[in-house]
Amino acid sequence: MTVAVVDTGVNASLPDLKPAVVSGTDLQNGGGDGRTDQDTDEGHGTAMASLIASRGTHSGFYGIAPEAKILPIYSPGVSPPSLAKAIRFSVDHGAKVVNFSEGASVVSANNCPDEVLRALKYADSKNVVVVASAGNSGDSTNNAEYPGSCPGVLAVGAVDHQGKPWEQTQRQDYVTVAAPGAGVGGIGKTGHVYNSGAGTSQASALTSGAVALIRSKYPQMKARRVVQLLTNTAKDFGAPGKDDQLGYGVVSITRALKNDVPQNAQNPVYARLDKVAVKGSAGGGDGQAAPKTKSDGGDSGGSNGPLVIGGIVVVVVLIGVGLFIVMRRRKPSGAGGGPYGSGPFPNGPQPMNQPGTPPSFGGHTGGQPLPPQGGQQFQAPPQGRPNPNLAPPQSGPNMAPPAPQGQPNPNLAPPPE
């Protein structure tokens, strides 16, 4: 199962990701294969890829779908042409899930360029799920952000570790589901393992991993059915029913894998897509000019309730709900995480049509990396810098074995609800 990660590129030389990352592309410069993380900070693309498919063989940090492949696409801009190209490249190179942990502000949630809509129609016709972060300015400008706002995209909001909407998650009608978006770490481009990060970027990546797990268990299942399962089995938090922060609820892998949702159940992501009239065919053509954009805030998710299995700490994301888990080696006592809402993967706002690091990546820096084993405590690095003392732990006999190809890792199965 291949997941395309449209981001800053992915450092494919890291031991935890090397077996997972296949050759992708560089849509900004041309000629590259996406297997270098060009983020000027800690490596946003690498971190998102690690949440999806880290093997855990070196650091002990496992992604949601550790048997999945990652197709890295370096696309720092979110202009309509680059976004459409990224979708088409993903589809044409075997991805069954496309993850956009990025976005650009638009004046209206209904303002999605024809060029992008045609690409989304193309993805739908080729049985590919497109997932995107909802945005991180919900406590300020709360602008609609695309591609998350586009029809045919599974837009993901963020929930904190208490089951409440993360304070900055977007408040928009296009939000369909939510996933952990506070206190979620990842592997940076240097190999450092962070235990703190916040934003809908992480929520989107975790949801893409969930899609990959479902599609691995049910390889013949259509993309529309996968999204239908996730939407109708989501765990409702907050106000009863759909809301503008968590959508229909927080994704539950346990429930979705049961595959017991009626075929005629609601599927709003594709209901919107089916209603849209797009100029030109799904095969191509030039779209309309990009919608006007506004500057956007950052996007950099939750935690904690560890289960110990064979020396591995299994961190259950969202206590007792049975949603997501990531695995890492036990850390020595006294090695705390970063503050709430902090994250090691910052970047500033960026208007659509401009090159550079993807917008919606910001958040505040300062999450403390996980120290290595051995009991020694390490000083947290200055904000925005990796800890030079941190060396990912070696693999050992206590490492959880990988799952058979094409099947969910039994060590990652969420606890019963």
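Keep in mind it's a predicted model, so treat the numbers as computed, not measured.

**Considering the overall build of the protein**
1) Next: Tallying secondary structure elements over the protein gives seven helices and 14 strands in all.
2) Next: The buried share among the 417 residues of the protein stands at 62%.
3) Next: Surface exposure of the protein reaches about 14,700 Å², of which carbon and sulfur atoms provide 50%.

**Points about the pairing of strand S4 (residues 97–100)**
Note on strand geometry: in a regular strand, side chains alternate between the two faces of the sheet.
1) Next: Burial along S4 is two-sided: the face carrying Val97 and Asn99 and the face carrying Val98 and Phe100 are both buried.
2) Next: Where strand S1 (residues 2–7) meets S4, four bridges bridge the pair, whose relative direction is parallel. Counterpart to Val3 in the pairing with S4 is Val97.
3) Next: Examined bridge by bridge, S4 and strand S6 (residues 129–133) share four bridges and lie parallel to one another. Following the sheet pairing, Phe100 is matched in S6 by Ala132.

**What to know about the pattern of salt bridges**
1) Next: Overall, the coordinates contain four salt bridges when judged by the stated rule.
2) Next: Residues Arg224 and Asp274 are paired through a salt bridge, measuring 2.7 Å at the closest nitrogen-oxygen approach. Pair noted here: Arg224 is in helix H5 (residues 223–232) and Asp274 is in helix H7 (residues 268–275), with a separation of 50 residues, a long-range link.
3) Next: One salt-bridge network, in which partners are shared between bridges, spans Asp124, Arg224 and Asp274.

**Observations regarding the nonpolar core**
1) Next: Among the nonpolar cores identified, the biggest contains 57 residues, and Ile70, Ile214 and Leu230 are the most heavily contacted of them.
2) Next: With eight residues, the top contributor of residues to this core is helix H4 (residues 200–217).
3) Next: Counting residues in hydrophobic clusters, the runner-up holds 34 residues, among them Leu71, Ala84, Val128 and Tyr174.

**Overview of the state of the cysteines**
1) Next: Within this structure, the stated rule accounts for one disulfide.
2) Next: The side chain of Cys112 participates in a disulfide bridge whose partner is Cys150; the two sulfur atoms lie 1.9 Å from each other. One disulfide, between Cys112 and Cys150, carries an S-S torsion of 95 degrees and so falls in the right-handed class. One end of the pair, Cys112, is in the loop between strand S5 (104–106) and helix H3 (114–125); the other, Cys150, is in the loop between strand S7 (144–146) and strand S8 (154–159), and 38 residues separate them in sequence.

**What to know about the sheet that holds S8**
1) Next: Pairing is parallel across the open sheet formed by seven strands, whose spatial order is S2-S3-S1-S4-S6-S8-S9. The open sheet terminates on both sides in strands that have one partner only, identified here as strand S2 (25–26) and strand S9 (177–180).

**Looking at helix H2 (residues 80–92)**
In an α-helix, one turn spans 3.6 residues, which is why side chains three or four residues apart end up on the same side.
1) Next: Under the 1.5 Å per step criterion, the end-to-end length of H2 is 18 Å for 13 residues, consistent within 8% with the ideal 18 Å.
2) Next: In terms of burial, H2 is a largely internal element, ten of the 13 residues being buried.
3) Next: The set of residues buried in H2 consists of Pro80, Ser82, Leu83, Ala84, Ala86, Ile87, Arg88, Phe89, Ser90 and Val91.
4) Next: Considering only its buried residues, H2 is in contact with S1, S2, strand S3 (69–74), S4, H3 and S7.
5) Next: Directly beyond the C-terminal end of H2, a positive phi value near 90 degrees is found at Gly94.

**With respect to the confidence of the model for the protein**
1) Next: Overall, the prediction assigns the protein a mean pLDDT of 75, with 66% of residues at 70 or greater.
2) Next: Across residues 281–417 the pLDDT falls below 50, and counting only partners more than four positions away or on other chains, this stretch makes 390 contacts in the model.

**Describing the packing of H4 against H5**
1) Next: At their nearest, the axes of H4 and H5 sit 10 Å apart, and the two run at 120 degrees to each other. In terms of their interaxial angle, H4 and H5 are classed as oblique. You can see that H4 and H5 cross each other, and the crossing is right-handed. Touching Val211, Ile214 and Arg215 of H4 are Ala223, Val226, Leu229 and Leu230, all from H5.
2) Next: Here the residues of the contact of H4 with H5 are counted per class, giving six nonpolar, no polar and one charged.

**Brief notes about the packing of aromatic side chains**
1) Next: Within the structure shown, the criterion is met by zero aromatic pairs.
2) Next: It is Arg88 that lies over the ring of Tyr122; its NZ or CZ is 5.0 Å from the centre.
3) Next: Above the plane of the ring of Tyr248 lies Lys242, whose end atom (NZ or CZ) is 5.7 Å from the centre.

**Remarks on unusual backbone geometry**
Peptide bonds are trans in most cases, and residues, glycine excluded, mostly fall at negative phi.
1) Next: The omega angle of the peptide bond from Tyr146 to Pro147 is 15 degrees, so this bond is cis rather than trans.
2) Next: As for its position among the elements, Pro147 is in the loop between S7 and S8.
3) Next: A positive phi angle, near 55 degrees, is found at Asn259, a position not held by glycine.
4) Next: By the element assignment, Asn259 lies in the loop between helix H6 (253–257) and H7.

**Some remarks on the environment of Gln245**
1) Next: Looking at the secondary structure, you find Gln245 in the loop between H5 and H6.
2) Next: When the C-alpha atoms of Gln245 and Val159 are compared, they prove to be 8.6 Å apart, with 86 residues separating the residues in sequence.
3) Next: Discounting chain neighbours no more than four positions away, the residues touching Gln245 are Gly157, Pro165, Thr169, Gln170, Arg171 and Val175.

Rules used throughout
- Residues numbered from 1 in each chain as written.
- Predicted model: local features only at pLDDT ≥ 70, side-chain atom pairs only at ≥ 80, totals over all residues.
- Heavy atoms only, no water.
- Helix = DSSP H or I, 4+ residues; strand = E, 2+ residues; numbered from the N terminus.
- Buried < 20%, exposed > 50% of the residue type's maximum accessible area, 1.4 Å probe, protein only.
- Areas by Shrake-Rupley, 256 points an atom, 1.4 Å probe, with all protein chains shown as cover.
- Pairing = 2+ DSSP bridges.
- Salt bridge = Lys/Arg side-chain N within 4 Å of Asp/Glu carboxyl O.
- Core = buried A, V, L, I, M, F, W, Y, C linked by side-chain atoms within 4.5 Å.
- Disulfide = S-S within 2.5 Å.
- Expected span 1.5 Å × (residues − 1).
- Contact = heavy atoms within 4.5 Å.
- pLDDT = per-residue confidence, 0-100.
- Axes fitted to C-alpha atoms, helices over the stretch in contact; angles between N-to-C directions.
- Parallel < 35°, antiparallel > 145°, perpendicular 65-115°, else oblique.
- Left-handed = near helix turned anticlockwise from the far one by under 90°.
- Nonpolar A, V, L, I, M, F, W, Y, C, P; charged D, E, K, R; others polar.
- Phe/Tyr/Trp six-rings, centres within 6.5 Å; stacked < 30°, edge-to-face > 60°.
- Lys NZ or Arg CZ within 6 Å of the ring centre and 35° of its normal.

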